[in-house]
Structure formats: C-alpha cells, structure tokens
There are 2 protein chains.
Amino acid sequence: MDEASLSAVSTPARIAEVGQDFEADEIALATRNHGLPLEALRYDVTPPGLHYVLAHYDIPDADADRWRIRLDGLVHEERLLDPAALREYPATTVRVTLECAGNGRAHLSPRPIGHPWLLEAVGTAEWTGVPLRLLLAEAGLAPGAREVVFTGADHGVERGVEQDYRRSLPLAVATGEDPEVLVAYAMNGQPLPPQHGFPVRLVVPGWYGMAHVKWLRGITVTAEPFTGFQQVTAYRFRQEPDQPGEPVTRIAPRALLIPPGFPDFMSRTRVVRPGPVTLAGRAWSGAAPIALVEVSTDGGADWTRAELGPDDGHRWAWRSWHAPWRAEPGHHVLTVRATDAAGQTQPLEQPWNRGGYGNNLVQRVPVLCLGEDADENADEDTGQTP
Amino acid sequence: MDEASLSAVSTPARIAEVGQDFEADEIALATRNHGLPLEALRYDVTPPGLHYVLAHYDIPDADADRWRIRLDGLVHEERLLDPAALREYPATTVRVTLECAGNGRAHLSPRPIGHPWLLEAVGTAEWTGVPLRLLLAEAGLAPGAREVVFTGADHGVERGVEQDYRRSLPLAVATGEDPEVLVAYAMNGQPLPPQHGFPVRLVVPGWYGMAHVKWLRGITVTAEPFTGFQQVTAYRFRQEPDQPGEPVTRIAPRALLIPPGFPDFMSRTRVVRPGPVTLAGRAWSGAAPIALVEVSTDGGADWTRAELGPDDGHRWAWRSWHAPWRAEPGHHVLTVRATDAAGQTQPLEQPWNRGGYGNNLVQRVPVLCLGEDADENADEDTGQTP
C-alpha cells in the first residue's frame, strides 16, 4: 500500500459482527448528519433543521451568483443555466416525503457499516423549481439518448474512489410527468439551506434520497447506462459483494409512530400514564398511495386498522393516521405497519442486504406504562402533566 | 424493582470500558440531535439546521398563542407573560456562540455514556429578545432573592428522575449587564425554530448550552440555591460519583479548524493535494476574549501563531483565524489551540471528569496529502478541482 494513496484512508465496505457496538466512524457520521426527531412527525411539512440530512462529503461553499449548471451530452443545444435563469420559468411546487435509502440500517443484524440510521432518516418539504422535462425539451434530445447523469459539487472519496457525487436516471423517469422531476431552488418557500443543496438540487418524488442530487452543477444526457460509483457500487441490493445487484429506486412503504408519552433521556424508552392515549403518525410509499395502516399494541400479535387522515392531494408526501389505545400499567411494544395500493406491505422480519438499503422492517416502540402511584421519583414541583 | 416503575427504563450514569465501542443508546441520541458539520465553521452566523441541537427530552408541541411564561417567587408582582407581550419591549440582539457542555465527550477515555459529541456541538446565532434584568426589575425583587430558576416545557425522565427541564442562575448573573441574559423569541431574525426553543428561550452569553433553557415557561426567584436534577446531579465536574462536584458554568476556550481538502465518506479522514493550503477556523471562550490561536501541523510538537480575523465587536461570538500551510505528500495531524485574555488555554491532555463536561482538549485532524500522481482511482471525468 502506497502510504500517500487513498487506500490508506478509504477502505472497502464491511459488515459488523453480530451484536457489535457502533464504531467511531459511524458516530462521526451520526453527529454531523441528522434525522427527524420522531415527535416532529407531528408537522405536515417539516420545519427547517428537523428534516433529515445526509451529505456524503462536505457541504460545498456555494456562491449563487457564480453558480452554473451545465446541460450537455446528447442534446441539440448545450445550455449553461444559472439559478436566476431558473426563476424565470414558471415555478412548480410539490410536497415530497424524502427518505434515505439507508434508513433502518442500524437495526439490521448483522449491521452493514455505514450511516447508522435507526428510523429517523425522513422528512417532508415543499420543493419549488423547474420541471426537468422542460429544460430537456428546450435543449432538444438527440437520437440515442437513454439516461441523464446528474453531477453534484460535493467531492470526496468513498471505498477508495475519488469522485464528485453523481447519479443517473433513466430518460423515461427524467422526462416523466408523474412524478415530475424538479430542478429545485426553494424549500418551504425559502432558498435552499446549504445542507439541502443550495443553490440548486434535484428532486425525484417517490425515490429514495440518493437520487435527489444536491448542489447540482451538471446534467448530461448519455447513450450508455451510467457506471459511476454511486450507481453501480453503492445503492444496490446485494447479498454477496460480487453480485451486480438490483438498483435502489423507489421508496418502500413505511409507517412511523410519534412515540407517545415522554422519554427517558438515555434509553429513549417511552413512558406513559394509564388511560387513553392517541397513537398517531405518518405513512408513505414511493410506489403507490397508502391504502392501509395497522397498529399492534402487543408486539405484532394482533393488529387493528388505524384511521387514515384526509387525503390532502399530496400524492408524494406522507399521510397522517391515528388510532386509539388504552394504556395499562406494565411494559408494551407498539408496532405499526403500512400497506400501499400496489399491495406492498412492511415486513415483520428484516429484509437484509449488504448495503442496508430499503430496510422497511416495522417500527417497534417499547413503552412503559407507569403504575397508578408511580410518581415518587419526580423532581420537586414539576407541575406539568405530560 | 417494581416492573412498572421508572427504574425499569432509566438507569444510573455509567462510564464505558476503555476502548469500548458506542452503544445503541448513544446512537439513538446522535441520530436525533446533531452537531455543526465542521465545514459550516465558514459562516459567521450559522444557517438554520446547521447549528448544534440537543433536546434532553422531546421537542414540545408549542402553541405560541397559548404560551405563557409565569414570573413568580420572590417578586413584588407576579407576571404572566406571553410571546406577543415580549415583543412590545425594546428588542436586544446579540450574536452568541453556544456550545454544549458535553462537546468532546466521545473523545474521552474512558468515555462517559451520554450524548456522544465529538467536537461539533457548537453554533453561532443572532438572538433577539428582552433582557431578563428588565423583566425582573419590572416585577420587583423581594428581600432575600438569591437565585432565579428557569423551567422549560420539555418533560422526561433522567437517571430515574421524572422532571421538567429546569436550571437556575445566581441572581447576579440573571440581572447582569455583561453578559446580559436574554429572554429570546427570535434566532437570526426569524421566530425560534421548534428545536431551538419555540416560542421563547433563555440565552446566557458565554455559558455552556445547559443554561440556555429552551421552551421557557417559568421564571421563579428563590431564596435558596436550586437543587433540581440538572443543577446538582447533572452538569457537575466530578471525579467520583459521590462528590458534590463543581458546577459547569462558562465555556472554556476552544479553537476548531475547518477540515481542509475533502473527506473520505466513512473514515472522514481529510485528503489534500500537495501545495499551499489555507488553514482557517474559529475560536471562542466564555470567560474572556480570544487572545491567541496557535496551529501545529506536526501533531503538537511545533506551534505557530495564527492570524486572528478582525475584532468585529461580537464579544460573545467566535472569532475567525487563519494560517498558511504547505502540504507535502504523506500523513499529517493538524492541531489548533486557543488561549483567552484570562490566560486560559486548551490542554494537550484530556481534562477527564465523570460527566464528560468541558472537555476542551485540542482538536486533532488527520490529513492525507496525496502524492503528485495519486489520482488513478478517480471516478471517470470528475472534473472538479477540490
């Protein structure tokens, strides 16, 4: 090994030992990126700073005035777009639930070493921008066009490969009308925050986060399938490292519960008092609308149908649901399961793969319901009834 | 142990074994809270969503229209303040660098089990609100007043104790003019985000984060020192669990370097190419202005003085600094050390205590400088010069 080569700092993908605790590298990723604290599922649209964030490399130091997006490859007319020019097109706004393909990875056994998401790598925002299909139509697709490759300004090394973050979409997806891919410059009515792709990013409703290329600076129409790292090495469903694997694409169905009651600081176990508790949360799927949400309060033995919130017409965003529960003293495990209109449902056993992608195993929320008189440990004068 | 009591889910503080990896509980805290990605040290004022966040319990579901802050205890006239009423006072805005007292904990050996911050639990914001001393003067302090206790709406369990988050300040601090404690309702000119205390929080310039009570709903003037959990159990410097310990108060000096070059995704090791590199970052101290920043590029053997950025008059915010470096192929460890005008400087050996508080051990940034021709592993056509 050359001492001054990338292999000195960038190693192949690994799987942890069964039961192994988390490594310092995993902690370093978890402390700089972040998930959605699950109580923030209460908001229809996630407030800034609560939406999940994953940047593979550094957040670029972007200057909007000097930013250019090159549209090239198999087009009749190459374009050099700047953020101001994008604002001259009619604006489209779409509410999208975005989830990281690695959400759930930290619950897998054995655990692939990577970003240690538990269940919180999700968020919903209103994205505003220009439909990609309009920009492509304006440039004019040349014969043989097959894919569109998107290049971000974030630059780094991954598994020994130095790269700009780069992903492709099949032409039919890139020019599709439903979902419509956006070249977005605003989030919740404001310029994109730096960590969400300022000044311009891609938004691909219904797809996992890896497709929504941030800090977008290149759009290239190609005749051949893209073979870059993030397309053929990462984000593939594989059981063995030498398999080509199936590509990760659309978001699998998932329901999450707003953890009821209040938490213990360190264990995050939930505590409630006896009596009626409204269980509520969100459910989503990138393949089809949510058709059914079921809740179990006994760890998955019995299931009851939750009531879905009104269909507010936001097809690409999560849907609210709620269900009543009567808490009785003792330990409980709450579980929730979503099924979409395409018939996909969440598994009760983990769907393991080497990358830890698309793990939509049902959530399990341990809850302690206190006995009627179990408040002897309260700090003096706490006052509030939670 | 009563099965339905808090002791079933909330355990005493622990210290990890030397060299022990991180536990699932630590990961759960790290994925919901988050630090400042260190490249964001580039911003004078931290953009929303990049400033560090630590909520002990859940982020409350606050309704500003129904929010009230009770000011009571040893005052001549009790008050019930609402957020709108606070806006009728002349507004004060102060730029403050806020750091978690647990920043650096995850680097300690042995490591106290808690929020596993490496070095990123920091951020700088412009806070706007009403000086607390004006509110206290208006209510009128009664004889015997000694401390002011602040109650947040966040409710949970910690080490077996159910509590609202609650902290006190000595009366002299609460009514001080420099720093001036603020009852703040805006961050960077906008209403507080939910995770930063919406609708109202305390800001105590120069103090570690635990003093800046979020979701403020109570201000109580007392005759006796406050003995709640967050005051006498947590946030104390102790070597042994049965010591009373010294209280954690003002922020110790620290300098951080914006990691140069670009990262490896998993190891976060930095990679640069040979040649001149500008090292830059921020330094701060809660006790006195920053007097000196020194940089070492050989792991702490030799130190050179960095150039401080202009004194912009923001006494309670971090100060920028920079220093030149000529990178040569091979492995390097960059280190930076701040000294304040009170003569406090950062230690080269860890200042260990059982809570992992105030660990301002110098940062160490491993950097690989590639050889002149070490780009054979680049993904095709990456284009960008980092």
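Residues numbered from 1 in each chain as written. Chains lettered and ligands numbered in written order. Predicted model: local features only at pLDDT ≥ 70, side-chain atom pairs only at ≥ 80, totals over all residues. Heavy atoms only, no water.

## Let's talk about the pattern of salt bridges
Here is the rule we go by: Only one rule defines a salt bridge in this text: a Lys or Arg side-chain nitrogen within 4 Å of an Asp or Glu carboxyl oxygen. Under the DSSP-based scheme used, a helix requires at least four consecutive residues in state H or I and a strand at least two consecutive residues in state E, with every element numbered from the N terminus. Summary of the burial criterion: residues with accessible area below 20% of their type's maximum are buried, those above 50% are exposed, and those between are partly exposed, where the area comes from a 1.4 Å probe applied to protein chains only.
Using the criterion set out here, one finds 30 salt bridges over all chains in the structure. One salt bridge connects Arg-282 of chain B with Asp-44 of chain B, and the closest N-O pair in it is separated by 3.0 Å. Of this pair, Arg-282 of chain B sits in strand β16 (residues 275-284) while Asp-44 of chain B sits in the loop between α1 (24-32) and β1 (69-73), and the two are 238 residues apart along the sequence. A relative accessible area of 6% places Arg-282 of chain B in the buried class. Judged by its relative accessible area of 45%, Asp-44 of chain B falls in the partly exposed class. When the shortest N-O distance is used, the salt bridge between Arg-337 of chain B and Glu-294 of chain B registers 3.1 Å. On the criterion of sequence distance, the pair formed by Arg-337 of chain B in strand β21 (residues 330-340) and Glu-294 of chain B in strand β17 (residues 290-296) is long-range, its members being 43 residues apart. Across the pair, exposure class does not vary: Arg-337 of chain B and Glu-294 of chain B are buried alike. Connected via shared salt-bridge partners are Arg-95, Glu-126 and Asp-312 of chain A.

## Considerations on the interface of chain B and chain A
Rule in force here: Any pair of residues with heavy atoms lying within 4.5 Å of one another is described as a contacting pair. Defined in terms of a 1.4 Å probe, buried area is the accessible area two parts forfeit on being brought together, summed over both.
Every contact between the two is made by 91 residues of chain B and, on the other side, 90 residues of chain A. Looking only at chain B, the three residues that lose the most surface to chain A are Thr-31, Phe-265 and Met-266 of chain B, adding up to 10% of its buried area. Along the contact surface separating chain B from chain A lie eight salt bridges. A salt bridge links Glu-39 of chain B to Arg-32 of chain A, with the shortest nitrogen-to-oxygen separation between them at 2.9 Å. With nine residues, the single largest contributor to the side of chain B that touches chain A is α1 of chain B.

## Concerning the UniProt feature "domain: Oxidoreductase molybdopterin-binding" (unreviewed entry) in chain A
Filter applied, for reference: UniProt positions are given in the numbering used here, feature names are shortened, and annotations may be inferred rather than shown by experiment.
Here, the residues flagged by UniProt with the feature "domain: Oxidoreductase molybdopterin-binding" (unreviewed entry) are residues 56-229 of chain A. Its end C-alpha atoms 12 Å apart, residues 56-229 of chain A is made of 10% helix and 38% strand.

## Digging into the domain arrangement of chain A
Residues and elements named next belong to chain A. To keep it simple, the criterion reads: For every domain, the bounds stem from an assignment made automatically or drawn from a database. What qualifies as a polar contact is a pair of N or O atoms within 3.5 Å, subject to a donor-acceptor requirement within protein and to the restriction that residues adjacent in sequence count only when both atoms come from side chains.
Assigned domains of chain A: these are domain 1 (14-247) and domain 2 (254-369). With centres defined by C-alpha atoms, the gap from domain 1 to domain 2 works out at 26 Å. Note on domain 1 versus domain 2: buried area summed over both sides is about 3000 Å², and carbon and sulfur give 58% of it. Contact with domain 2 buries area across many residues of domain 1, yet Leu-41, Arg-95 and Leu-108 alone supply 20% of it, more than any other trio. Two residues, Asp-312 and Arg-95, come together in a salt bridge whose shortest N-O distance is 4.0 Å. Linking domain 1 with domain 2 are 17 residue pairs in polar contact (both at pLDDT 80 or more), by the criterion used here. It is strand β3 (residues 92-99) that contributes the most residues to the side of domain 1 that touches domain 2, five residues altogether.

## Quick notes on the relation of the copies chain B and chain A
Short version of the rule: Each copy is superposed on the other by least squares, with the fit set by C-alpha atoms of residues at a pLDDT of at least 70 in both.
The two copies are related by a screw motion: chain B maps onto chain A through a turn of 180 degrees and a shift of 0.0 Å along the axis, at an RMSD of 0.0 Å. As the rotation angle and translation indicate, the two copies are arranged about a two-fold axis. When C-alpha distances to the rotation axis are compared across chain B, the minimum falls at Gly-49 of chain B, with a value of 1.8 Å. A high fraction, 99%, of the interface residues of chain B reappear at the interface in chain A, so the copies pair face to face through one surface.

## Digging into the pairing of strand β10 (residues 216-222) of chain A
Residues and elements named next belong to chain A. Quick reminder of the rule: Two strands qualify as a pair provided DSSP detects at least 2 bridges between them.
Of all the seven residues making up β10, five are buried; the element is thus mostly covered by neighbouring parts of the structure. Looking at chain direction, strand β1 (residues 69-73) and β10 are connected through four bridges and run parallel. Looking at β10, one finds that Leu-71 is bridged to Ile-219. Looking at chain direction, strand β5 (residues 147-158) and β10 are connected through six bridges and run antiparallel. Bridge pairing in β10 places Phe-150 opposite Ile-219.

## Brief notes about helix α3 (residues 132-139) of chain B
Residue and element names in this part refer to chain B. The test is simple: To be clear, the arc concerns the directions from the helix axis to the C-beta atoms.
For α3, the complete set of buried residues consists of Leu-132, Leu-135, Leu-136 and Ala-139. End-on, the buried residues of α3 take up no more than an arc of 95 degrees, which puts them together on one face. Phi turns positive one or two residues past the end of α3, at Gly-140, with a value near 85 degrees.

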